[in-house]
Amino acid sequence: MDRSTARPPSAARLRVLEVADGLFYAEGITTTGVDRIIAEAQVTKATFYKQYGSKDAPLRAYIAGRDERARAALAAVLAEQPDPRAVLIAMIESIAAETARAGFRGDAFL
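The rules we used
Residues numbered from 1 in each chain as written. Predicted model: local features only at pLDDT ≥ 70, side-chain atom pairs only at ≥ 80, totals over all residues. Heavy atoms only, no water. Helix = DSSP H or I, 4+ residues; strand = E, 2+ residues; numbered from the N terminus. Rg over C-alpha atoms; globule rule 2.2 N^0.38 Å. Buried < 20%, exposed > 50% of the residue type's maximum accessible area, 1.4 Å probe, protein only. Contact = heavy atoms within 4.5 Å. Areas by Shrake-Rupley, 256 points an atom, 1.4 Å probe, with all protein chains shown as cover. 1 Å grid on protein atoms, 1.4 Å probe; cavity = no way out; pocket = protein on both sides within 12 Å on 5 of 7 lines; lining within 4 Å. Points joined across faces, edges and corners; volume = space filled by probe spheres on them. Nonpolar A, V, L, I, M, F, W, Y, C, P; charged D, E, K, R; others polar. Core = buried A, V, L, I, M, F, W, Y, C linked by side-chain atoms within 4.5 Å. Phe/Tyr/Trp six-rings, centres within 6.5 Å; stacked < 30°, edge-to-face > 60°. Expected span 1.5 Å × (residues − 1).

1. Let's talk about the overall build of the chain
Looking only at helices and strands, the chain has 5 helices and 0 strands in total. Scanning the chain from its N terminus toward the C terminus, one meets helices and strands in the order α-α-α-α-α. Expected size for 110 residues packed as a compact globule is a radius of gyration near 13 Å; at 17 Å, the chain overshoots this value by more than 25%. In terms of overall dimensions, the chain has C-alpha extents of about 50 × 35 × 20 Å along its principal axes. Every one of the 110 residues in the chain was classed for burial, and the buried ones make up 25%. Put simply, of all contacts in the chain between residues at least 6 apart along the chain, 55% involve residues at least 24 apart. Total accessible area computed for the chain in this model is approximately 7800 Å², and 58% of it derives from carbon and sulfur atoms.

2. Digging into the layout of surface pockets
Which parts of space are left empty comes out when a probe the size of a water molecule is rolled across the atoms. Of the volumes computed, that of the largest pocket is approximately 520 Å³. Along the walls of the largest pocket sit 17 residues, with R66, A70, E98, D107 and F109 positioned nearest its centre. Those elements that place two or more of their residues in the lining of the largest pocket are α4 (56-80) and α5 (84-100). The calculated volume of the second largest pocket comes to roughly 190 Å³. The wall of the second largest pocket is formed by 14 residues, among which F24, Y62, D107, A108 and L110 lie closest to the centre. Listing elements by their share of the lining of the second largest pocket, those giving two or more residues are α1 (11-27) and α4. Tallying contributions element by element places α1 first for the lining of the second largest pocket, with 4 residues. Split by residue class, the lining of the second largest pocket holds 9 nonpolar, 2 polar and 3 charged.

3. Topic: the nonpolar core
Ranked by internal contacts, the top residues of the largest apolar core, which has 18 residues, are V16, F24, I37, V43, F48 and Y62. With sequence-adjacent residues up to four places away left out, I37 is seen in contact with V16, V19, A20, L23, F24, T32 and F48.

4. A short note on the packing of aromatic side chains
Each aromatic ring pair is summarised here by two numbers: the centre-to-centre distance and the angle between the ring planes. Applying the stated criterion across every chain, the model contains 3 aromatic pairs. Each ring, one from F48 and one from Y49, has its centre 5.1 Å from the other, and the planes form 85 degrees; the classification is edge-to-face. What makes F48 buried here is its relative accessible area of 0%. On the accessibility criterion, Y49 (40% relative accessible area) is partly exposed. Both rings, one in F48 and one in Y52, keep their centres 5.6 Å apart while their planes meet at 40 degrees; by these two values the pair is tilted. With respect to class, F48 is no different from Y52; both count as buried.

5. Regarding α4
The terminal C-alpha atoms of α4 lie 36 Å apart, and with 25 residues this matches the ideal 36 Å at 1.5 Å per residue to within 8%. The set of residues buried in α4 consists of A57, P58, L59, Y62, G65, R66 and V77. On its buried face, α4 is in contact with α1, α3 (45-51) and α5.

All quantities given are derived from atomic positions and should not be read as evidence of function.
As structure tokens, this is what we get:
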């Protein structure tokens, strides 16, 4: 199927991803169960399993989304800063701001 003709994701699918992202980051991947995601996303089990099949799909989306955001942030810095020293300083400032953010729990990939 051509991705340009694919339907946009449903509201329930997006809600599950948003909830899963928050729970995986805040509480950890192994401690976050499907039932908790379903309850907080306010979807039925049937909807969850129809959309995802298992916890693996939202988990892959979580990792891919976090990676995409990190790469986009780096690309933005590289586009704005031609000087390697300025890039390094901007990245250090970005990391410092992220660690000072409320709710910061460390690297999402760990």
